[in-house]
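So the chains spell out like this:
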Number of protein chains: 2
Amino acid sequence: MDALEAIAQRRSVRNYSPEPVPVELIEKTVDAARRAPTARNVQPWEFVVITDPQVRARLAEICEYGRFIAESPVCIATFCHDTKYYLEDGCAAIENMLVAATALGLGTCWVAGDKKEYAGTIAQELGVPNSHRLIGLVAMGYAANSAGPTKKRPLKEVLHTENW
Amino acid sequence: MDALEAIAQRRSVRNYSPEPVPVELIEKTVDAARRAPTARNVQPWEFVVITDPQVRARLAEICEYGRFIAESPVCIATFCHDTKYYLEDGCAAIENMLVAATALGLGTCWVAGDKKEYAGTIAQELGVPNSHRLIGLVAMGYAANSAGPTKKRPLKEVLHTENW
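Predicted, not measured: the structure shown is a model, and the values here were computed from it.

*Asks:* Help me understand the interface of chain B and chain A, please; the structure alone is not making it clear to me.
*Replies:* By a widespread convention, an interface's size corresponds to the accessible area lost as its parts come together. With 65 residues of chain B at the contact, the number on the chain A side is 65 residues. Here chain B packs against chain A, burying approximately 5,700 Å² in sum over the two surfaces, 60% of which is carbon and sulfur. Its largest share of buried area at the contact with chain A, chain B owes to B:Arg153, B:Glu162 and B:Trp164, together 13% of the area lost on that side. Linking chain B with chain A are four salt bridges, by the criterion used here.

Laid out in structure tokens, this is it:
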């Protein structure tokens, strides 16, 4: 799929079909994530791919706004070790993952991690060492129904020319 | 350009041709940015597009690692108002902008903003109100030479299956 189209098509999908996602597609989305820009070339990221239904059910229970992780066949948790720009790097990686997934016909939803009280609990659940912080979780799978178009602020409103 | 190819092709470009960038292309990159995911649908972003050479020279002077903003025909500064997830939202928007620019044949480089001492100075320079924080600056233009491939940690190293 064309890059601009994938960016425009991306939606937050909260209803998933139980159909499993081929490993090759999961790997392509993580491959896209690791190609993100990174300050000072630190590449602080690690990606944990979870398909186990019991673990997903547990993650869904922990995340107040991520209940659908129990239904989405895949969940990818992104962690970064603590650097000055760990959050910028991790978020750029997650956004690459979402755009790539859309291009591959997959639905996703980004569930917040950093600054969430449950960040440490999720890390513990997945055996992640203290050196790394949760950036976010991505639910992934085939959408059960087509999500409506996202209402976004129009271009004219957000684009300022030469100055504010 | 295909989405996965654009993600793979993206490089940090620090040498720019003086050739100006058509307004339609600049707008397409900002249009991609505003389509990013945003926590609680806040959409806290604003994008200031700077082409004025004098202003770019001033920005380049302020940013220790953004000297090339004086040479790149375009600089896009992303600001967000202060919400819990302002940095996640702003970074997802910037990453969309970079991927879209690559797909359109443009080179870019993300220059850090948030947590930089100069963030307030840049905001002041562009007439941005105190309510908004600089997320980052993107230099944009046609690459003067083809940047070499970025060395990234291999997929095997960053991908963890089921747990750490």
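Next comes the rest of the description.
*Asks:* How do you make sense of the relation of the copies chain B and chain A when you look at a structure like this?
*Replies:* Put simply, the second copy of the chain is the first one after a rotation about an axis and a shift along it. Placing chain B over chain A gives an RMSD of 0.0 Å and needs a rotation angle of 180°, together with 0.0 Å of translation along the axis. Look at the turn and shift together and you get a two-fold axis relating the two. Closest approach to the rotation axis among the C-alpha atoms of chain B is made by B:Ala3, whose C-alpha sits 1.8 Å away. Both copies present the same face, since 100% of the interface residues in chain B are matched by interface residues at the equivalent positions in chain A.

*Asks:* Help me understand the nonpolar core, please; the structure alone is not making it clear to me.
*Replies:* Most often, soluble globular proteins keep nonpolar side chains buried together rather than apart. The biggest cluster of nonpolar side chains holds 59 residues, and the ones touching the most others in it are A:Phe47, A:Ile76, A:Met140, B:Val30, B:Phe47, B:Ile76 and B:Met140. Setting aside residues no more than four positions away along its own chain, B:Met140 makes contact with B:Tyr16, B:Thr29, B:Ser72, B:Pro73, B:Val74, B:Ile76, B:Met97, B:Ala101, B:Leu106, B:Gly107 and B:Thr108.

*Asks:* Explain the sheet that holds strand β3 (residues 107-112) of chain B to me, please; I cannot follow it from the model alone.
*Replies:* Paired through backbone hydrogen bonds, the strands of a sheet run either parallel or antiparallel to each other. Strand order in the open sheet formed by five strands is β5(A)-β1(B)-β2(B)-β4(B)-β3(B), and the pairing between neighbours is mixed. At either margin of the open sheet sits one strand with a lone partner, and together these are β5 (159-161) of chain A together with β3 of chain B. Adjacent strand axes in the sheet meet at a mean angle of 25°, parallel and antiparallel pairs treated alike. For strand β1 (residues 45-50) of chain B and strand β2 (residues 74-81) of chain B, the ladder comprises six bridges, and the chain directions are antiparallel. Counted as the bridge partner of B:Ile50 is B:Cys75 from β2(B). The strands that helix α4 (residues 86-103) of chain B touches are β1, β2, β3 and β4 (132-141) of chain B; relative to β4(B), the one it contacts most, it runs at about 10°.

Thresholds applied
What you see as residue numbers is a count from 1 along each chain, following the sequence as written. Labels are handed out in written order, letters beginning with A for the chains and numbers beginning with 1 for the ligands. Local features in this predicted model are restricted to residues of pLDDT 70 or higher, and side-chain atom pairs are both shown and tallied only at a pLDDT of 80 or more, whereas totals for entire chains, interfaces and linings draw on every residue. Side-chain measures were taken over the full set of non-hydrogen atoms in the model, leaving aside hydrogen atoms and water. Contacts were defined at the residue level, with two residues in contact if any of their heavy atoms lie within 4.5 Å. The quantity reported as buried area is the accessible area (1.4 Å probe) lost by two parts once they are put together, taken as the sum for both. Any Lys or Arg side-chain nitrogen found within 4 Å of a carboxyl oxygen on Asp or Glu counts as a salt bridge. When the copies are superposed, the least-squares fit draws on C-alpha atoms of residues that have pLDDT of at least 70 in both. We define a nonpolar core as any set of buried Ala, Val, Leu, Ile, Met, Phe, Trp, Tyr and Cys residues linked to one another through side-chain atoms lying within 4.5 Å. Remark: exposure states derive from per-residue accessible area (1.4 Å probe, protein chains only) relative to the maximum for the residue type, with buried under 20%, exposed over 50%, and partly exposed in between. Strand pairing is assigned whenever DSSP identifies at least 2 bridges connecting the two strands. We count a stretch as a helix when DSSP gives it H or I for four or more residues in a row; a strand needs E for two or more, and each element gets its number in order from the N terminus. In this analysis, axes come from line fits to C-alpha atoms, helices being fitted only over the stretch in contact, and the angle between any two N-to-C directions falls in the range 0 to 180 degrees.

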